[in-house]
Amino acid sequence: METTQSSERILNVIYKALDSLNESLPKDKRIQKNPHSPLFDGSGVLDSLGLTILIVALEALPLDNLPQLSHEKLEVYQKSIQLLVLATQVLANTPRGHAELCDQLKRAALSVPLNIAEASGRTGSLDNAKHFSIARGSALECGAIFDVFHALQILDAKLYRQAKLLIVAEVSMLSKGK
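The shown structure was predicted, so the numbers you read here are calculated from the model rather than taken from an experiment. (Residues numbered from 1 in each chain as written. Predicted model: local features only at pLDDT ≥ 70, side-chain atom pairs only at ≥ 80, totals over all residues. Heavy atoms only, no water.)

Considerations on unusual backbone geometry
No. 1: A positive phi angle, near 60°, is found at glutamine 153, a position not held by glycine.
No. 2: You can see glutamine 153 is positioned in the loop between helix H5 (125-151) and helix H6 (157-176). (Helix = DSSP H or I, 4+ residues; strand = E, 2+ residues; numbered from the N terminus.)

Laid out in structure tokens, this is it:
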């Protein structure tokens, strides 16, 4: 009985991550939520990057009964992880010829949650504020990069809107200190 409940919990977590991934995929490419759906192999629908995106989405989901570090409880940290997942999805679908923008987005999107976590671990208010400020700057940088992607018509309107909403929320929270 316990094994069945555990399996069901794991499937529910995977299904939540699939929901997140499916939001960014065209309807004909969406992954069916079925315990027998192949995800990765010759008959699977995910390539190695798609599988990586799914794993990142899984990592971003809270797991029941798992202790959390202080930064993981912060809404701004959770939003920064969502933005990182979205940025990873965008990077997976960016056409060739934009390596500099991709590299910049990857580094800026990763910097936000890392600096929030570091700020949360600092005890001095000046050191704490410094890392929140760096996270805020990186979030603003992500916003500018998404603006460029949108202006160059590399990014569809739906993903641009999702990114913009996340970034505005993050910057607002980081401007207040958390």
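On we go from here.
So, H5
No. 1: In this model, H5 (27 residues) spans 39 Å end to end at C-alpha, consistent with the 39 Å of a helix rising 1.5 Å per residue.
No. 2: Residues of H5 that are buried in the fold lie against helix H3 (75-92), helix H4 (99-121) and H6.
No. 3: Within two residues after H5, glutamine 153 carries a phi angle of roughly 60°, on the positive side. (Expected span 1.5 Å × (residues − 1). Contact = heavy atoms within 4.5 Å.)

A look at the pattern of salt bridges
No. 1: All told, the structure shown has four salt bridges when counted by the stated rule.
No. 2: In this structure, arginine 107 and aspartate 103 form a salt bridge, with 3.1 Å as the shortest nitrogen-oxygen distance. Of the two residues, arginine 107 and aspartate 103 both sit in helix H4, four residues apart, roughly one turn of that helix.
No. 3: Two residues, aspartate 127 and arginine 122, come together in a salt bridge whose shortest N-O distance is 3.1 Å. (Salt bridge = Lys/Arg side-chain N within 4 Å of Asp/Glu carboxyl O.)

Remarks on the environment of asparagine 115
No. 1: Topologically, asparagine 115 is positioned in helix H4.
No. 2: The exposure class of asparagine 115 is buried, given its relative accessible area of 11%.
No. 3: Taking C-alpha positions, asparagine 115 is 9.4 Å from tyrosine 77, a pair spaced 38 residues apart along the chain. (Buried < 20%, exposed > 50% of the residue type's maximum accessible area, 1.4 Å probe, protein only.)

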